[in-house]
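Examination of the molecular architecture
Listed below, chain by chain, are the residues.
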Amino acid sequence: QQDRVAITIADRGPGVPPDALDRLFDPFYRLEPDRARATGGTGLGLAIVKASVEACGGTVAARNLSPSGLEIEIVPRAGFIHT
């Protein structure tokens, strides 16, 4: 994107409910069907990603894709990645 790099991770799964998009980056947040301890995970992965990226001056966002899927986009601050 012009002079910036964007890292995009996407899948073709069902996506997430629209009201959950903002909460995906909250520590310990897990979608309701995934709350069972047997499925693993603590809900910290995306919270750690967001904290790390923002600590370096970047941004991270999630959005549902059409017709299905979820996309996470990480944009480091300008000048953070040198070529």
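This report concerns the structure included in the present document. Since the model is a prediction, treat every value here as computed from it, not as a measurement.

Scanning the model with the defined rule gives 3 salt bridges in all. With its nearest N and O atoms 3.6 Å apart, the salt bridge here joins Arg23 to Asp26. Relative accessible area serves as the criterion here: at 40%, Arg23 is assigned to the partly exposed category. Here Glu71 makes a salt bridge to Arg63, at a shortest N to O gap of 2.9 Å. The exposure class assigned to Arg63 is partly exposed, which follows from its relative accessible area of 44%.

All right, on to a nonpolar patch on the surface then. Where nonpolar side chains cluster on the molecular surface, the patch consists of Val5, Ile7 and Ile9 and spans about 230 Å² of accessible area. Within the secondary structure, Ile9 is located in strand 1 (residues 7-10). Overall, Ile9 belongs to the partly exposed group, its relative accessible area being 46%.

Rules used in this analysis
- Residues numbered from 1 in each chain as written.
- Predicted model: local features only at pLDDT ≥ 70, side-chain atom pairs only at ≥ 80, totals over all residues.
- Heavy atoms only, no water.
- Salt bridge = Lys/Arg side-chain N within 4 Å of Asp/Glu carboxyl O.
- Buried < 20%, exposed > 50% of the residue type's maximum accessible area, 1.4 Å probe, protein only.
- Patch = residues over 30% accessible without salt bridge, like charges linked within 9 Å, V, L, I, M, F, W, Y side chains within 5 Å.
- Areas by Shrake-Rupley, 256 points an atom, 1.4 Å probe, with all protein chains shown as cover.
- Helix = DSSP H or I, 4+ residues; strand = E, 2+ residues; numbered from the N terminus.

These figures come from the coordinates and say nothing about function on their own.
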